[in-house]
Amino acid sequence: MCNIWKDDAPDRLMPEHMRKLPAELRTINISGGEPFLRDDLVEFVREVRARCPKAAITISTNAFLSDRIAEQMGELRRIDPDIRLAVSLDGLAAAHDRIRGVSGAFDRTRGLIDRLAADGYRGLRLSMTLCGDNLDQLTDVARLADSLGLELGIVAAHGAGTHLGVESGDVAIDRIPEWLAGAFEEVIAPRLRSWRAKNWFRAHFAWRTYHYLTGRRWEIRCGAGRDMFFLQADGAVYSCSVRGKEMGNIVDEDFPEIWTGRLAKEAAEFVKRCPERCWMICTARGTYRAKWLGVCVWVLWNKLLAHLRLFRVRNLAPAEDREGAA
């Protein structure tokens, strides 16, 4: 869902540079491009785990290299038994292949899922990025995730003409179909009815994703350059991956020097006036910490509505106002 593969910047980042990461990191996503193209991915994970012992590590993959991934996951799990693998899924069968532009991509993805499940791996989740080409696949992907007993992350494609090369027009949704609200209701309601707290907050995240898509963006507490950063393969440290400003390069500098330097201060000033108000996992975490009470009220009220089969995506303006005030 990004065009970073078009970037010709060199891959300067090496496993030993992970020793420069802040040891107190709590969440690390190893993404790409495609991480499993790296011959030294296992060493990256080994160094990250040693440097950041409390961090939850997730690797995001498109599953194209299914055999390689299945083989390496054994070694990765020995390094970190709790490591998670997020597999991108844009739709079912031909829809996924069409969006990815690769024939047989869905079969490889499904084959990898089945292979890892047979091996007893429990850290697998699916990740769906919604754009104009796959809105109609939302409920099908959610049903598949539910049938396989897998978590499903649903995010909206973001585009802002950044260093990742994603232009807004590449992911724009020209018109939100009327049936989309019903599709989100079908996805959100069973997660609210479940008895796993994690599903309740995933329901809230999906609800907010619907509003992001329809232009009702939440006033969020963006922690870019303060609570989070994006580290690119050439070593550049950005405040975020959407409208991020470059703060330094971890290959050439120590992290404290980057984090407190002039460019970091300029990035922090930009965040204060950034118009994007992204709704992604990394930006949502800080918002949930800041607005936890309102989110919990939303969860309790709408969990009740879901059990009564009265939950609706479209008729929640009063709840939204209460949540924002909280």
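Residue positions are given per chain, counted from 1 along the sequence in the order it is written. In keeping with the predicted nature of the model, local features appear solely for residues at pLDDT of at least 70, side-chain atom pairs appear and are counted solely at 80 or more, and the whole-chain, interface and lining totals rest on all residues. Derived side-chain values reflect all non-hydrogen atoms in the structure, with water molecules and hydrogen atoms excluded from consideration.

1. Description of the pattern of salt bridges
So, point 1. When a carboxyl oxygen of Asp or Glu is within 4 Å of a side-chain nitrogen of Lys or Arg, the pair counts as a salt bridge. Applying the stated criterion to the full structure yields 22 salt bridges.
So, point 2. A salt bridge links Glu151 to Arg202, with the shortest nitrogen-to-oxygen separation between them at 2.9 Å. Taken together, the residues Glu151 in strand E5 (residues 151–156) and Arg202 in helix H8 (residues 197–213) connect sequence positions 51 residues apart.
So, point 3. In this structure Glu151 comes out as buried when scored by relative accessible area, which is 13%. In DSSP terms, a helix is any run of H or I states spanning at least four residues, a strand is any run of E spanning at least two, and both are numbered starting from the N terminus. The buried label goes to any residue with under 20% of its type's maximum accessible area, the exposed label to any with over 50%, and the partly exposed label to all in between, with areas taken from a 1.4 Å probe on protein chains only.

2. Here's the deal with the packing of helix H7 (residues 180–193) against H8
So, point 1. In this analysis, axes come from line fits to C-alpha atoms, helices being fitted only over the stretch in contact, and the angle between any two N-to-C directions falls in the range 0 to 180 degrees. For the pair H7 and H8, interaxial distance at closest approach is 8 Å and the crossing angle is 165 degrees. In terms of their interaxial angle, H7 and H8 are classed as roughly antiparallel. Judged by the twist between their axes, the crossing of H7 over H8 is left-handed. Residues Leu180, Ala181, Phe184, Ile188, Arg191 and Leu192 of H7 pack against Asn199, Trp200, Ala203, Ala206, Trp207, Thr209, Tyr210 and Leu213 of H8.
So, point 2. The nonpolar class holds Ala, Val, Leu, Ile, Met, Phe, Trp, Tyr, Cys and Pro. Asp, Glu, Lys and Arg form the charged class, and all remaining residues, Gly among them, are polar. Among the residues making up the contact of H7 with H8, the classes are represented as 11 nonpolar, 2 polar and 1 charged. Each angle receives one of four descriptions, namely roughly parallel if under 35 degrees, roughly antiparallel if over 145, roughly perpendicular if within 65 to 115, and oblique otherwise. In a left-handed crossing the near helix is turned counterclockwise from the far helix by less than a right angle, and in a right-handed crossing that turn is clockwise. Whether two residues touch is decided by their heavy atoms; if any such pair falls within 4.5 Å, the residues are in contact.

3. Topic: the environment of Arg143
So, point 1. On the secondary structure map, Arg143 appears in helix H5 (residues 138–148).
So, point 2. Sequence separation between Arg143 and Glu186 is 43 residues; the distance between their C-alpha atoms is 9.5 Å.
So, point 3. Think of a polar contact as two N or O atoms within 3.5 Å of one another; within protein, one of them needs to be a possible hydrogen donor and the other a possible acceptor, and neighboring residues in sequence only count if both atoms come from side chains. Reaching out from Arg143, the side chain makes a polar contact with the side chain of Glu186 at a distance of 2.5 Å.

4. Comments concerning helix H4 (residues 105–118)
So, point 1. For H4, built from 14 residues, the straight-helix expectation of 20 Å at 1.5 Å per residue is met to within 8% by its first-to-last C-alpha distance of 20 Å.
So, point 2. The set of residues buried in H4 consists of Ala105, Phe106, Thr109, Leu112, Ile113 and Leu116. With its buried residues spanning 130 degrees around the axis, H4 presents them on a single face. Structural note: H4 exposes Asp107 and Ala118 on the side pointing more than 90 degrees away from its buried face.
So, point 3. Its buried side turned inward, H4 meets helix H2 (66–79), strand E3 (84–88), helix H3 (94–100), strand E4 (124–130) and H5.
So, point 4. Gly120 occupies a position one or two residues after H4 and carries a positive phi of about 85 degrees. Under the convention used throughout, the expected extent of a helix is 1.5 Å for every residue step, that is, one less than its residue count. Along the arc lie the directions from the helix axis toward the C-beta atoms.

5. So, the pairing of E4
So, point 1. For E4, the tally of buried residues reaches 7 of 7 residues, placing the bulk of the element in the interior.
So, point 2. Along E4, one buried face is formed by Leu124, Leu126, Met128 and Leu130 and the opposite face, lined by Arg125, Ser127 and Thr129, is buried too.
So, point 3. The pairing criterion is simple: DSSP has to find at least two bridges between the two strands. Relative to E4, E3 runs parallel, the two being bridged by 4 bridges. The partner of Ala86 across the bridge, within E4, is Arg125.
So, point 4. Pairing between E4 and E5: 6 bridges, direction parallel.

6. Quick look at the sheet that holds E4
So, point 1. Strand order in the open sheet formed by 5 strands is E1-E2-E3-E4-E5, and the pairing between neighbours is parallel. The sheet is open, and its two edges are formed by strand E1 (27–30) and E5, each paired on a single side. Sheet twist, expressed as the mean angle between neighbouring strand axes with direction ignored, is 25 degrees.

7. Here we look at the pairing of E3
So, point 1. Burial of E3 is extensive: 4 of the 5 residues sit out of reach of the surface.
So, point 2. Where strand E2 (residues 56–61) and E3 come together, 4 bridges link them in parallel fashion. Directly across from Thr58, in E3, lies its bridge partner Arg84.

8. Let's talk about the packing of H8 against helix H12 (residues 292–307)
So, point 1. One can describe the packing of H8 onto H12 by two numbers: an axis separation of 10 Å at closest approach and a directional angle of 100 degrees. As the angle between them shows, H8 and H12 are arranged roughly perpendicular. Residues Trp200, Phe201, Ala203, His204 and Trp207 of H8 form the contact with H12, whose own contacting residues are Val295, Cys296, Trp298, Val299 and Lys303.
So, point 2. In terms of residue class, the contact of H8 with H12 is made up of 8 nonpolar, 1 polar and 1 charged.

As far as function goes, none of this settles anything; it's purely spatial.
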